[in-house]
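# Summary of structural features
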Amino acid sequence: SYGTMCVTDMFAKVNREWTTTPRTSIKGLYLAGSDAFLPAVCGAMYGGCFGACAVLGHTKTLRMIIALITHMATVLQEENPKLSRFQAIRLSLKNFLKDDCVRD
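As a starting point, this report considers the structure included with it. (Residues numbered from 1 in each chain as written. Predicted model: local features only at pLDDT ≥ 70, side-chain atom pairs only at ≥ 80, totals over all residues. Heavy atoms only, no water.)

## Considerations on helix α1 (residues 40–79)
For α1, built from 40 residues, the straight-helix expectation of 58 Å at 1.5 Å per residue is missed by more than 12%, its first-to-last C-alpha distance being only 34 Å. Considering bend angle alone, the principal kink of α1 is centred on Gly57 and spans about 120°. Residues of α1 that are buried: Gly43, Gly47, Gly51, Ala54, Thr61, Ile69, Ala73 and Leu76. Tucked into the core, α1 has its buried residues touching α2 (85–97). (Helix = DSSP H or I, 4+ residues; strand = E, 2+ residues; numbered from the N terminus. Expected span 1.5 Å × (residues − 1). Bend = angle between axes of the 7 residues up to and from the residue. Buried < 20%, exposed > 50% of the residue type's maximum accessible area, 1.4 Å probe, protein only. Contact = heavy atoms within 4.5 Å.)

Now the structure itself:
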């Protein structure tokens, strides 16, 4: 099973306050995983990201993304020492923004 069965009722007007958002009406309580976005594996992954971003806020989320891209660039340079730092960061950013998450 891939988690909760996806039904269109979850997007009904009455449910909009809690579907596809990590925020709740209770201050300081956030949802993560498939409860914060959509059912199944990808929904849980994105829901976890949305939950983390809601807790971190915009600035810390941006800092986390920059740290991830920088780490990816370091790994690329270790795999290919001929890459300059600029090339590695550029390639990391390109890979980060790709629709699929598979690195070439």
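## Comments concerning a nonpolar patch on the surface
On the surface, Leu68, Leu93, Phe96 and Leu97 cluster together to form a nonpolar patch covering roughly 350 Å² of accessible area. Looking at the nonpolar patch element by element, the count peaks at three residues for α2. Looking at the element boundaries, Leu93 is found in helix α2. (Patch = residues over 30% accessible without salt bridge, like charges linked within 9 Å, V, L, I, M, F, W, Y side chains within 5 Å. Areas by Shrake-Rupley, 256 points an atom, 1.4 Å probe, with all protein chains shown as cover. Salt bridge = Lys/Arg side-chain N within 4 Å of Asp/Glu carboxyl O.)

## Some words on the packing of α1 against α2
The relative placement of two packed helices is expressed as an angle between their axes plus a distance between the axes. It is the contact of α1 with α2, at a shortest axis distance of 8 Å, that shows an interaxial angle of 120°. Compared by their axis directions, α1 and α2 come out oblique. As for the relative orientation of α1 and α2, their crossing is right-handed in sense. Residues Ile65, Leu68, Ile69, Thr70, Met72, Ala73, Thr74, Leu76 and Gln77 of α1 touch α2, and the partners they reach there are Arg85, Ala88, Ile89, Leu91, Ser92, Leu93, Asn95 and Phe96. For the contact of α1 with α2, the per-class residue count stands at eleven nonpolar, five polar and one charged. (Axes fitted to C-alpha atoms, helices over the stretch in contact; angles between N-to-C directions. Parallel < 35°, antiparallel > 145°, perpendicular 65-115°, else oblique. Left-handed = near helix turned anticlockwise from the far one by under 90°. Nonpolar A, V, L, I, M, F, W, Y, C, P; charged D, E, K, R; others polar.)

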